[in-house]
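# Reading the structure
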Amino acid sequence: DSSSVVSSVSSVSDGLPRVANNTTNTTMMLLYALLIMLTRIDTTVASWVDPSSQLIPSRLITTSLIDGTEYDLVMSDEFETDGRGFADGEDSVWTALDKSDDDMSAAGGGSLHFYNSSHASTSNGFLNVSTTTEKTTWTGFNPFKQAFVDLEKDYKSAMVNSWNKFCFTGGIVEIDAILPGEPNTAGLWPAMWILGNLGRATYEGSTNGIWPWSYDTCDRRLQHAQHVSGCSDVNHYGLNARRGRGSTEIDILELMPGEKGWLPSTFPKIQRPYGAMTLQVAPGVEKNRPQSGSVPVRVGNDGTNGFPPTEPQSWYEGLGFGSNTSMNPFFYGTYLGETKPEEPTHRTKKEAFQADAVGAMFQLTKAHFERVHTYRMEWQPGKGGRIDWFVSTEGGRERPGVKKKEVNKGDEEEEEENTVNKRHKEPVKPSGFDPASKVLPQTSSKWTHAFSIEDESLSGLQGSQVPAEPSYLIFNTAVSSTWGFPYDTPDTCKKCYSCFDPDCACAIPPGFCESLKNGKTSMLIDSVRVYQAKDDDAHVGNKHTVGCDPIGYPTREFIEGHESLYMRPIPFTDKHALLPLKSGGGKCTSDDDCGEGVCTKEADLSFWSKSSNTVCNCGKSGYMGSFCKTKIYGDDEPGAYDYELNTSWFFKRISIPYIPVELAGFLVALVAGFIGAFVVTLKKKKISGGTYRGVAGNEMTPQFNKARRALHR
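This section reports on the structure supplied with the text. Fair warning: this is a prediction, and the values are worked out from it, not measured in the lab.

## Focus: the overall build of the protein
Helix and strand counts for the protein come out as 15 helices and 33 strands. Every one of the 713 residues in the protein was classed for burial, and the buried ones make up 50%. For the protein, the proportion of contacts with a sequence separation of at least 24, taken over those separated by at least 6, is 73%. Taken as a whole, the protein presents about 34100 Å² of accessible surface, with 54% of it coming from carbon and sulfur.

Printed below as a string of structure tokens:
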């Protein structure tokens, strides 16, 4: 009981003799009292659910469109608070990057943007991921020239992610979003996706040999390529022995806008804009791969027809495609080959490997750029699991600040043409459809079941599995010369991409620069929600978990042991991969500037400060960030590392609150008084002049008195 402890301290400290006689007990009482006064258990660390979500009961539960059972909301962000910032240290869930998206590797160079945290903010109830034509220049190290050089990017954009903060394994993800740009203007590359926590997006040192492995078999031939292999009898840094690990990528949606026109080898016919839904996984198919631009050839040629004999092409069977969804014949994966000696990320010939992109193309319409639609993924992780992609058939609220246009008959016909199969309930295989795939029935009027991958498709071909890694959410918009930009340009065309240089126009998609000026090039995220099963026995695959460091798939020790791989290179001077979370400190003029905190004189927050400036003080509000606008979140359960150390999870949840100057002065005086009394007592107990003043003479033994007299003769 804290009141009894404080009263005991008061009764003891009002007289020094009593302190002297009860030094040990008093010391413990004072320390305990100070612990109570200076610390508190942080009850705000409870879950990842936005309080705004709790106001609407229907948001707290959803029903799986696959197994029909109920799932509970375990994480959400409604982005209702305007003016939130996402720079490193500002948010307990999200981090917006401040770095170039160019890794200086031989495979890089296509990115044209610099990620800037200022391009991610909240307004009108949306997370706004914006892209502009602003130029960024800096001095960086060029490994090919082995020198520091001036670098620049022509565009600024944003990537917001929850790496090493919020992770989950399995469940249902729903993202309400309005897509950026114009549907028929190429150039932007927006994406909503998840990535395994062992790899940090755009930090190639962390993903080398890690992305996108999902392979738990000991294969000596592939052991060098998969850096955390199932062949390892002892895995260090807290990893489990004989468990293959990786950082698998699941793209909930990647947007490809561009000029109209039916694309070849798509069944049913798809045209731009479309959304790519993809699982990127390794190991990939090495021989007889499908050719880019055509569907897999399932039947070989024996040569009797006069053509050279060919073997059937190897690709995944049993994939499910819904209405207005085709297999993606334009991207079957990436070969990660041997790197050049001077590249910053090294990969030997033995470490080279093939990764596969198992994907679909979903037909989008103008409505997806004008109104909120929900993009849903149901993920049952691990062996026996599956992944299913859905898109809502009806739109929600409109993009703010954009005037409504009259809908002409041509637009209506185009919309109908692009959604003609959306509500067919019976599977219908279009002509040219991959015979080894299946058409998904459409059983809901609210959802289009677009794409499905079952674990048997993966394990049956390459032995890989549906990802089981703790994964984090990512929202970003890239600008790349390899995505929607002109593929073939005349030799006379200058290879540049600036909207401000007329000579670059031939290398930039028509209308792209103009589209960046109309205020519609922001991807707007209305909300993100993650649900997990009430009953893990009701679904296939592994158990659902929340946390970046689950016991079965830990990541914390590995990341801390290789932290430099997760940090920005020179010229940045990062000391850690993530900055500590801020608790106030933003300049303010009134409480209105400070969200859930208060505007306070800086001198009141520091005993030593004499500043007259006013800053936000979050105090015990349960909110953090420079302006106290972000709720403090955290995992409900300790992770693998916390279980190992037992107490670390408890002490992580202890925080030091704001201490007023008066209380601080009192505590200093109290401690000083205690120390002074303790020193005085020690002096009184000291042997001096042959008399021991601390013990009565009759308490001394005859032997002691005899020795004392002999000593002082």
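## Some remarks on the packing of aromatic side chains
Counted by the stated rule, this structure contains 21 aromatic pairs. Look at Phe168 and Trp379: their rings are 5.5 Å apart centre to centre, the planes differ by 75°, and that puts the pair in the edge-to-face class. Taken together, the positions of Phe168 in strand β13 (residues 168-169) and Trp379 in strand β22 (residues 373-380) put the pair 211 residues apart, joining distant regions of the chain. Here Phe168 matches Trp379 in class, with each residue buried. Taken together, the ring pairs connect Trp48, Phe166, Phe168, Trp379 and Tyr633 into an aromatic cluster. A cation sits over an aromatic face here: Arg243 above Tyr553, 4.4 Å from the ring centre. Across the ring face of Trp447, the terminal group of Arg376 is positioned such that the distance to the ring centre comes to 5.3 Å.

## Observations concerning the nonpolar core
Across soluble globular proteins, you tend to see nonpolar side chains buried next to one another. In terms of nonpolar packing, the biggest core is built from 60 residues, with Met75, Trp94, Met192, Phe451 and Leu473 touching the most fellow members. Setting aside residues no more than four positions away along its own chain, Met192 makes contact with Ile175, Ala177, Leu179, Asp251, Ile252, Leu253, Tyr375, Ile474, Phe475, Met523 and Ile525. Judged by nonpolar contacts, the second largest core, of 32 residues, contains Cys167, Leu195, Tyr472 and Ala478.

## So, the environment of Ala640
Mapped onto the elements, Ala640 comes out in helix α12 (residues 640-645). Since its relative accessible area comes to 16%, Ala640 is described here as buried. Placed 401 residues apart in sequence, Ala640 and Leu239 show a C-alpha to C-alpha distance of 9.6 Å. In contact with Ala640, not counting residues within four places along its chain, are Asp549, Pro550, Ile551 and Pro554.

## Considerations on the pattern of salt bridges
Applying the stated criterion to the full structure yields 25 salt bridges. A salt bridge links Arg386 to Glu454, with the nearest nitrogen and oxygen atoms 3.8 Å apart. In this pair, Arg386 is assigned in strand β23 (residues 386-392) and Glu454 in strand β25 (residues 447-454), connecting sequence segments 68 residues apart. Of the residues examined, Arg386 reaches a relative accessible area of 18% and is grouped as buried. Ionic pairing is found between Asp501 and Lys494, a salt bridge with its closest N-O pair at 3.2 Å. Look at Asp501 and you get partly exposed, because its relative accessible area is 23%. Classification of Lys494 by relative accessible area gives partly exposed; the value is 41%. Look at the salt bridges and you will find they share partners, linking Arg386, Asp388, Lys438 and Glu454 into a network.

## Side note on the sheet that holds strand β6 (residues 113-115)
If you trace the 3 strands from one edge of the open sheet to the other, you get β5-β6-β11, paired in mixed fashion. Each of the sheet's edge strands pairs with one partner strand only, and the pair in question is β5 (99-100) and β11 (155-157). Summarising the sheet, β6 and β11 pair through 3 bridges and their orientation is parallel. By the bridge assignment for β11, His113 is matched with Tyr155.

## A short note on the side chain of Ser626
Counting through the fold element by element, Ser626 comes out in the loop between β31 (623-624) and β32 (630-631). Excluding its chain neighbours within four sequence positions, the residues that come into contact with Ser626 are Glu90, Lys582, Gly584, Gly585, Gly586 and Cys616.

## Quick word on the pairing of strand β17 (residues 274-281)
Of all 8 residues making up β17, 8 are buried, and the element is well covered by its neighbours. Covered by surrounding structure in β17 are Tyr274, Ala276, Thr278 and Gln280 together with Gly275, Met277, Leu279 and Val281, the residues of both alternating faces. In this sheet, β17 lies alongside strand β16 (residues 249-256) in antiparallel orientation, the contact comprising 6 bridges. The residue bridging Glu254 from the neighbouring strand is Ala276, located in β17. As paired elements, β17 and strand β21 (residues 353-363) share 8 bridges and run antiparallel to each other. Looking at the pairing, Ala276 lines up with Met361 of β21.

Quick notes on the rules
- Residues numbered from 1 in each chain as written.
- Predicted model: local features only at pLDDT ≥ 70, side-chain atom pairs only at ≥ 80, totals over all residues.
- Heavy atoms only, no water.
- Helix = DSSP H or I, 4+ residues; strand = E, 2+ residues; numbered from the N terminus.
- Buried < 20%, exposed > 50% of the residue type's maximum accessible area, 1.4 Å probe, protein only.
- Contact = heavy atoms within 4.5 Å.
- Areas by Shrake-Rupley, 256 points an atom, 1.4 Å probe, with all protein chains shown as cover.
- Phe/Tyr/Trp six-rings, centres within 6.5 Å; stacked < 30°, edge-to-face > 60°.
- Lys NZ or Arg CZ within 6 Å of the ring centre and 35° of its normal.
- Core = buried A, V, L, I, M, F, W, Y, C linked by side-chain atoms within 4.5 Å.
- Salt bridge = Lys/Arg side-chain N within 4 Å of Asp/Glu carboxyl O.
- Pairing = 2+ DSSP bridges.

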